[in-house]
Amino acid sequence: MKKVMLGNTGIEVSIVGFGVLPIGPSQLALPVEKGAEIIKYAFSHGINFIDTAQYYRAYPYISEALKEGGFEDIVICSKSLAADYEGMTEAILEAQKELNRDVIDIFLMHEVRSGQLEERAQAWEALKDAKAKGLVRAIGLSTHHVDICMAAASIPELDVVFPLINYAGLGIRKGDRFASREEMMESIRACKEAGKGVFSMKAFGGGGLTGSYQEALNYIFSQQEIDSVMIGFGKTTEVDDLLHYLDGSMPKDYNPDVSKKKVHINHEDCEGCGACKNACPAGAIYWGENGLAEVDHEKCLTCGYCSPVCPVRAVIMY
């Protein structure tokens, strides 16, 4: 698989990365050995870039996949929601220990929202210190927010940015409002021009755009400002689909079978705002005992109306 330099970091990554969230406890909850086999399958087919996070609880899958060796050029990105210095430092040390690595290639502030750069300033200081000590090679942030992505372009010490972008604009935010893909691309362009490495998330909008598979990929791979596209994989067949798309062997009318996929609410993201419940035309979304949204799959039409209105991308399909 083609590899590119991630901005000015000196880190070479495949143009597609493996997002481990789908195989982990909050989605498919695969056995560690099975999840590790999918990761190794991707590695054996040229994907050398993998994304995880402290709260994904997916380190065991990656550690197991790397246990036998043979994959020497793997680049690992992790991230943490920690807002203070101590919490971010502990998150980096946890990743080192769980992944059995002295140096983590990339470490990010996870899902930075509008107004949070100031609130999480001490966590950013911890990342800068960790890089200075050689604990990580590159630092940056992930975000769904246009204004945060734009701000990243002007932060001198920031090496990489991991923004949400897809052809439908699902999940893109700017403060308290939804924003467009054009607005996000403008901020991504600013990051690229500033020498930042850019890799993108949610090309399929959390699963909601998988039924338009090639349209989604055509859009994201046409954006020259994006170095690498992080895709969440849960099966080896999904890796195969991506490889067929990239090598041009995929029939032009092909779309994956999504008939068995269901809408789910990720309770680790859900804030109980009620936007999805209000948008559901079938009355399939209700409040669970924990005050968060739940889906009645007997009523759900998989129409997708709920997904675009969720402000935190907690509505997913798998």
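Residues numbered from 1 in each chain as written. Predicted model: local features only at pLDDT ≥ 70, side-chain atom pairs only at ≥ 80, totals over all residues. Heavy atoms only, no water.

A. Geometry of the sheet that holds strand E3 (residues 16–19). One closed barrel accounts for eight strands, arranged E3-E4-E5-E6-E7-E8-E11-E12; its pairing is parallel. Neighbouring strand axes in the sheet, compared pairwise and without regard to direction, differ in orientation by 30° on average. Across five bridges, the pairing between strand E6 (residues 104–109) and strand E7 (residues 136–143) is parallel. Within the sheet, the bridge partner assigned to Ile 104 lies in E7 and is Val 136. With respect to the sheet, helix H5 (residues 121–132) is in contact with E6 and E7, its orientation differing from that of E7 by roughly 155°. (Pairing = 2+ DSSP bridges. Helix = DSSP H or I, 4+ residues; strand = E, 2+ residues; numbered from the N terminus. Axes fitted to C-alpha atoms, helices over the stretch in contact; angles between N-to-C directions. Contact = heavy atoms within 4.5 Å.)

B. Local environment of the environment of Glu 268. Here Glu 268 shows up in the loop between strand E13 (263–265) and helix H10 (275–279). With a relative accessible area of 34%, Glu 268 lands in the partly exposed category. Separated by 213 residues in sequence, Glu 268 and Tyr 55 have C-alpha atoms that sit 8.6 Å apart. (Buried < 20%, exposed > 50% of the residue type's maximum accessible area, 1.4 Å probe, protein only.)

C. A negative patch on the surface, seen in detail. A cluster of acidic side chains, namely Asp 84, Glu 86, Glu 90, Glu 94 and Glu 98, defines a negative patch on the protein surface. Note that Glu 98 resides in helix H3 (residues 85–99). (Patch = residues over 30% accessible without salt bridge, like charges linked within 9 Å, V, L, I, M, F, W, Y side chains within 5 Å. Areas by Shrake-Rupley, 256 points an atom, 1.4 Å probe, with all protein chains shown as cover. Salt bridge = Lys/Arg side-chain N within 4 Å of Asp/Glu carboxyl O. Lys, Arg positive; Asp, Glu negative; His and termini not counted. Charge placed at Lys NZ, Arg CZ, Asp CG, Glu CD.)

D. Quick peek at the packing of helix H2 (residues 59–66) against H3. Two elements in contact, H2 and H3, have axes whose closest approach is 9 Å; the angle formed by their N-to-C orientations is 40°. Here H2 is positioned oblique relative to H3, judged by the angle of their axes. When H2 is examined against H3, the residues Tyr 59, Ile 62 and Ser 63 are found in contact with a partner set consisting of Glu 94, Ala 95, Glu 98 and Leu 99. (Parallel < 35°, antiparallel > 145°, perpendicular 65-115°, else oblique.)

E. Geometry of the packing of aromatic side chains. Within this structure, the stated rule accounts for seven aromatic pairs. Through successive ring pairs, a cluster of aromatic residues spans Phe 49, Phe 162 and Phe 199. Geometry around Phe 178 places Arg 173 over its ring, the cationic atom sitting 4.4 Å from the centre. (Phe/Tyr/Trp six-rings, centres within 6.5 Å; stacked < 30°, edge-to-face > 60°. Lys NZ or Arg CZ within 6 Å of the ring centre and 35° of its normal.)

F. Here's a closer look at the pattern of salt bridges. Taken as a whole and assessed by the stated rule, the structure comprises 15 salt bridges. A salt bridge links Glu 37 to Lys 40; the shortest N-O distance between them is 3.1 Å. Taken as a pair, Glu 37 and Lys 40 lie in helix H1 (residues 32–44) at a separation of three residues, close to a single helical turn. Among the salt bridges present, the one from Arg 137 reaches Asp 105, with a minimum N-O distance of 3.1 Å. One end of the pair, Arg 137, is in strand E7; the other, Asp 105, is in strand E6, and 32 residues separate them in sequence. Residue classification places Arg 137 among the partly exposed residues on the basis of a relative accessible area of 40%. Here the salt bridges do not stand alone but share partners, grouping Arg 101, Asp 105 and Arg 137 into one network.

G. Main features of the pairing of E7. When you tally the buried positions in E7, you get seven out of eight residues, the bulk of the element. The handedness of the E7 to strand E8 (residues 160–163) crossover, carried by helix H6 (residues 146–152), is right-handed. (Right-handed = clockwise from strand over helix to strand, strands pointing away.)

H. Spatial organisation of the packing of H1 against helix H9 (residues 236–247). Look at H1 against H9: their axes get within 9 Å of each other, and the N-to-C directions meet at 20°. Judged on the interaxial angle alone, H9 and H1 are roughly parallel. Regarding H1 and H9, the two cross each other, and that crossing is right-handed. In this structure, H1 uses Ile 38, Tyr 41 and Ala 42 to contact H9, whose residues at the interface are Thr 236, Val 239 and Asp 240. Residue composition of the contact of H1 with H9, grouped by class: four nonpolar, one polar and one charged. (Left-handed = near helix turned anticlockwise from the far one by under 90°. Nonpolar A, V, L, I, M, F, W, Y, C, P; charged D, E, K, R; others polar.)

I. Looking closely at the environment of Gly 24. Tracing the sequence through the fold places Gly 24 in the loop between E3 and H1. The spatial distance from the C-alpha of Gly 24 to the C-alpha of Thr 52 is 9.8 Å, given a sequence separation of 28 residues. Look past the residues within four positions of Gly 24 in its chain and what remains in contact with it is Ala 29 and Tyr 61.

J. Examining the pairing of E6 more closely. Summarising burial for E6: six of the six residues are buried, a large majority. Sheet topology places strand E5 (residues 75–80) next to E6; four bridges connect them, and they run parallel. Each bridged residue has a counterpart across the sheet, and for Ser 80 the counterpart in E6 is Met 109. Taken together, E5, H3 and E6 form a β-α-β motif whose crossover is right-handed.

K. Up close: H5. The terminal C-alpha atoms of H5, which comprises twelve residues, lie 17 Å apart, in line with the 16 Å expected from a rise of 1.5 Å per residue. All buried positions along H5 are accounted for by Ala 123, Trp 124, Ala 126, Leu 127 and Ala 130. Across the axial projection of H5, the buried residues extend over an arc of 155°, all falling on one side. Contact partners of the buried residues in H5: H3, E6 and E7. Immediately beyond the C-terminal end of H5, within one or two residues, lies Gly 134, with a positive phi of roughly 80°. (Expected span 1.5 Å × (residues − 1). Arc of directions from axis to C-beta.)

Fair warning: the whole summary comes from geometry, so function is off the table for now.
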